[in-house]
Amino acid sequence: MCGIIGIASAKPVFGNIIEALKKLEYRGYDSAGLSTIDNGEINEKKCSGRVNNLEKILFKNPSKGKLGIGHVRWATHGVPNEINAHPHSSEVVSVVHNGIIENSNSIKNELIKKNYLFKSQTDTEVITQLLTNYLKNYDILDSVHKTLERLEGSFALGIIFKNFKDIVVGARRGSPLAVGYGHEENYIGSDSYALKSMTNKISYLEDGEICILTKDKVEFYNSEKNKINKEILTLSNDENKTTKGDFKDFMSKEINEQSVTSKACLKEYIDHLRKDINFYNFPINPNEVNKITFIGCGTAYHSCLIAKYLFEDLTSITVETDIASEFRYRKIKFKKNNLYVFVSQSGETADTFAALDLCKKNNANTCAIVNVVESSIARTANFVLPIHAGPEIGVASTKAFIGQMLVLYLLSLKISKVRNEITDQNYTKSINDLNNLPSLIKEVLAKRDEIQIIAKDFVDSKGTMFLGRGFSYPIALEGALKLKELSYIHAEGYPAGEMKHGPLALIEDGLPVVVLAPKDKYFEKTISNMQEVIARGGKVFLFTDDDSEIISENIRYKFNIPNSNDYIKPFLLTLPLQMLAYYVASFKNCDIDKPRNLAKSVTVE
Ligand code: M6R
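Attention here is on the structure that accompanies the text. This one's a predicted model, so the numbers in the text were calculated from it and none came from an experiment. Along each chain, the written sequence defines residue order, and numbers are assigned to residues from 1. Note on the predicted model: pLDDT of at least 70 is required for a residue's local features to be given, and 80 or more for side-chain atom pairs to be given and counted; whole-chain, interface and lining totals, by contrast, use all residues. Based on all heavy atoms of the structure, the side-chain values leave hydrogens and waters out of the count.

**Considering helix 18 (residues 523-535)**
A turn of α-helix holds 3.6 residues, and therefore any two residues three or four places apart point the same way. What counts is decided by this rule: Counting from the N terminus, the helices are DSSP H or I runs at least four residues long and the strands are E runs at least two residues long. A helix's residues, less one, multiplied by 1.5 Å, set its expected span. Remark: exposure states derive from per-residue accessible area (1.4 Å probe, protein chains only) relative to the maximum for the residue type, with buried under 20%, exposed over 50%, and partly exposed in between. Think of the arc as the fan of directions from the helix axis to the C-beta atoms.
Between the first and last C-alpha of helix 18 there are 18 Å, a value that for 13 residues agrees with the 18 Å anticipated at 1.5 Å per step. If you check which residues of helix 18 are buried, you get Phe523, Thr526, Ile527, Asn529, Met530, Val533 and Ile534. Around the axis of helix 18, the buried residues are gathered within 160 degrees of arc, so they sit on the same side. Turned more than 90 degrees away from the buried face of helix 18 sit Glu524, Lys525 and Ala535, all of them exposed. Directly after helix 18, the chain includes Gly537, whose backbone phi takes a positive value near 95 degrees.

Next comes the structure, spelled out in structure tokens:
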């Protein structure tokens, strides 16, 4: 989604703004722009398409401005063209915005009556014109305040002013905004990652807060316009984790590092000496929990589905799952002994955050499973379980999914242990088995050549299906999601047992169908469903740990995962499906790290 950068400095800023915008590219966008104050005037440059286009414009005509704001836009109101690209400027003010202004039409009509002119179709331009209007009679802080008071919806803003040449203003409600501190320069950015090459000293704005930066200082104000102090965090500075290294793209790097990231995660939670799982300061006694609701979006929601199977298997707790965008609008009956677990890689997904906010307002017990520990969701939940996967840059979530499933599995084991619902022997065996996970992951990833062969059969297909039962059902959903988002091939995941209730009608000669059939309690049933697909001409790709030859007949390809316990199999089945989506997309020359229309961090609902 949209990304914001703002810099107040002692030296020209356009080069750093361009570099920061490149860092924000991973969020997904379709146009870019920046504004600086040059010779006392607002100098606005914008383009449709990539930041590279903006860079070319600026290198022909470099800006000398020592203060500026930049933006990558993911279109919501109005097509992605140069006019709708941010910043949106008037004579006196220039604004970049992330989020949606829900009452923009009514404000626009009111301003049009006052003879304000609008050039774009965006909701953002009303902010520019409202501010311009207030600046006639009020100082900066009051004008920004009055403007914010009028806005409904969510936003993070970066603002510069023609008549206040050394000031950048940032503000937020609903969308994240980080503030960075440098030497003779200060910054605002949509996330700390955008600021990483410039500083690792960061503060985060909370809803309703405003910051005013000059090159030498940063001031913060709360929603009552009182000056406040903010904590300055020092972030770890591991550049290695945020570059592609020798990989062609971030996704292949992120797929490849899953054995390392899962090892790092296990190291954080498993006490090898005591053969125990540690979750310090868990805020609610697991013996008192009678229901857990797991909530997330997209891939994170699929790990919630895995959690349902895990907790139902290992504990007697009632489990529900919910898609965050549905949960947030339902009439939930919040109860004291219920726990709400939010799963999110970014920790900034607008719907997931709103669902968490709803729980907080109802005094519910909340827990966040996140990758980005400085995120809004992590900062808001009662309790945080990081997945320790390191920065995930590719829009398609891979290592975060494995990390989410891993933490959820560890949590289910621990809760089961505390509730005396798992024997000591099974608990210890599960921990021992988990320790083999990183090497099993490595083993599966080494079979990438086989997946390249399989991928060729998908490149020209118009559609495909992914089937599984039990734990393999959410994995089928995830495999289908990966394929569609990366390769733009229509893909659906189904519980294999549902085929006869409708989807079987889609099977025709040559349709590629992925069947996930690990040797578990569903194996025979899934194999029967597979035979029904084959009988109707479906071209089946079987992913299994069964090594018998008998079932290989009439199967287009059989991909074997190593033997493991049933709870480890979902991890191992996920990997070939990630690689499949990757290779199909790369054979089709799709943009792997930035699939069309998608954003890494979905900060609008
Ligand atoms: O950051 P989050 O985990 O909250 O993001 C949720 C979804 O937007 C995300 O998983 C999305 O579905 C991915 N692009 C899937 O690969």
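**Describing the pattern of salt bridges**
Let me state the cut-off plainly: We define a salt bridge as a side-chain nitrogen of Lys or Arg found within 4 Å of a carboxyl oxygen belonging to Asp or Glu.
Tallying each qualifying case throughout the model produces 38 salt bridges. In this structure, the salt-bridge partner of Asp591 is Arg50, at a minimum N-O distance of 3.5 Å. With Asp591 in the segment after helix 19 (569-587) and Arg50 in the loop between strand 3 (41-48) and helix 2 (51-60), this residue pair connects regions lying 541 residues apart in the sequence. Overall, the relative accessible area of 30% leaves Arg50 in the partly exposed class. Salt bridges sharing common partners tie together Asp271, Arg274, Asp276 and Lys414.

**Things to note about the site of the ligand**
Which entries qualify depends on this criterion: Proximity is defined per residue: if any heavy atom of the residue lies within 4 Å of a molecule or strand, that residue is considered near it. Polar contact is the term for a pair of N or O atoms within 3.5 Å; when the atoms are in protein, one must be able to donate a hydrogen and the other to accept it, and sequence-neighboring residues count only if both atoms are side-chain atoms. Surface accessibility follows the Shrake-Rupley procedure with a 1.4 Å probe radius. Residue values consider only the protein chains on display as shielding. Where each domain starts and ends comes from a domain assignment, either automatic or drawn from a database.
Around the ligand, the structure places 15 residues, and the nearest of them are Ser344, Gln345, Ser346, Thr349 and Glu485. The contact in question runs from an oxygen atom of the ligand to an N or O atom on the backbone of Gln345, over 2.6 Å. Residue Val395 places a main-chain N or O atom 3.1 Å away from a nitrogen atom belonging to the ligand. Considered on its own, the ligand offers 410 Å² of accessible surface; in the complex 91% of this is hidden by protein. Here the shell around the ligand spans two domains, and each of domain 2 (242-435) and domain 3 (446-594) adds at least three residues to it.

**Remarks on the sheet that holds strand 5 (residues 88-89)**
Two strands in a sheet stick together by hydrogen bonds in their backbones, pointing the same way (parallel) or opposite ways (antiparallel). The line we're drawing: Being paired, for any two strands, means DSSP has found at least two bridges between them. We call two residues contacting when some pair of their heavy atoms lies within 4.5 Å. Axes here refer to lines fitted to C-alpha atoms; in helices the fit is confined to the stretch in contact. Angles between the N-to-C directions go from 0 to 180 degrees.
Strand order in the open sheet made by the seven strands is 5-6-7-8-12-13-14, with antiparallel pairing throughout. Every other strand in the sheet has two partners, leaving strand 5 and strand 14 (227-228) as the edge strands with one partner each. Sheet topology places strand 6 (residues 93-101) next to strand 7 (residues 153-161); nine bridges connect them, and they run antiparallel. Within strand 7, the residue paired with Val95 across the bridge is Ile159. Set on the sheet, helix 5 (residues 140-150) makes contact with strand 7, strand 8 (164-173), strand 12 (210-213) and strand 13 (218-221); between it and strand 8 the angle comes to about 30 degrees.

**A look at the packing of aromatic side chains**
Aromatic rings considered in pairs are described by the distance between their centres and by the relative angle of their planes. Put simply, the test is: Stacked, edge-to-face and tilted labels apply to pairs of Phe, Tyr and Trp rings (six-membered ring for Trp) whose centres lie within 6.5 Å, assigned for plane angles under 30 degrees, over 60, and everything in between, in that order. Consider the ring centre and the ring normal. A charge sits over the ring if Lys NZ or Arg CZ is within 6 Å of that centre and within 35 degrees of that normal.
Counting across every chain of the model gives 14 aromatic pairs. When the centroid spacing of 5.2 Å and the interplanar angle of 85 degrees are considered together, the rings of Tyr582 and Tyr583 count as edge-to-face. Ring pairing ties together the aromatic residues Tyr309, Tyr409, Phe471 and Tyr567, which thus form one cluster. When the ring centre of Tyr138 is taken as reference, the NZ or CZ atom of Lys146 above it lies at 4.9 Å. Seen from the ring of Tyr427, Lys417 lies directly overhead, with NZ or CZ sitting 5.3 Å from the centre.

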